[in-house]
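# Coordinate analysis (summary)
Spelled out from the first residue to the last, the chains are:
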Amino acid sequence: MAPAVQASSGRDDWPTPQAFFDRLDAEFNFTLDVCASEANAKCSRFFTQRENGLDQPWGRERCWMNPPYGAPIKAWLAKALEASLSGALVVCLLPARTDTRWWHEFVERASEVRFVRGRIHFGDAEHSAPFASVVVVFRPPCMPR
């Protein structure tokens, strides 16, 4: 018999912990949260589900991205890579799922991958996430590390 799989929380809008975001913001100076809601936006400029950040230009912004972790994650990573090649800096908070196609197709093409020590405690969740997390940085070609 196959082992039981961890049940999904049923939601995909878990907010990034503020202190975690603040440390990255101090380093990257974010100007746009590309995947937010009114309640969990981390930047003064942000795209909600209504504006659909996948359909918006990210220009040469310094983007923060904590995308939905389900099936749409591949589209968000494709957009992050595309935007970085056009001049945006995109920093993503993702589950560390090294066995997925999207990981090999997009994360392996990132400028930098930082594995997060321990488990992140998202928003008002009762417990920490049941998975490891990673910060993935897509830098524009002209931006040094």
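Above this text is the structure in question.
An account of the accompanying structure is given in this report. Bear in mind the structure is a predicted one, so any value in this text is a computation, not a measurement.

## Here we look at the packing of aromatic side chains
The geometry of an aromatic ring pair comes down to the distance between the two centres and the angle between the two planes. Applying the stated criterion across every chain, the model contains seven aromatic pairs. Ring geometry for F21 versus W64: centroids 5.4 Å apart, planes at 75 degrees, classification edge-to-face. Here F21, found in helix α1 (residues 18-28), pairs with W64, found in strand β2 (residues 62-65); they are 43 residues apart in sequence, far enough to count as distant. For the pair F21 and W64, one class covers both residues: buried. For the ring pair W102 and W103, a centre distance of 6.2 Å and an interplane angle of 55 degrees mean the geometry is tilted. Looking at W103, the relative accessible area reads 6%, which means it is buried. An aromatic cluster of three or more residues is present, and its members are F21, F28, F30 and W64.

Conventions used here
Residues numbered from 1 in each chain as written. Predicted model: local features only at pLDDT ≥ 70, side-chain atom pairs only at ≥ 80, totals over all residues. Heavy atoms only, no water. Phe/Tyr/Trp six-rings, centres within 6.5 Å; stacked < 30°, edge-to-face > 60°. Helix = DSSP H or I, 4+ residues; strand = E, 2+ residues; numbered from the N terminus. Buried < 20%, exposed > 50% of the residue type's maximum accessible area, 1.4 Å probe, protein only.

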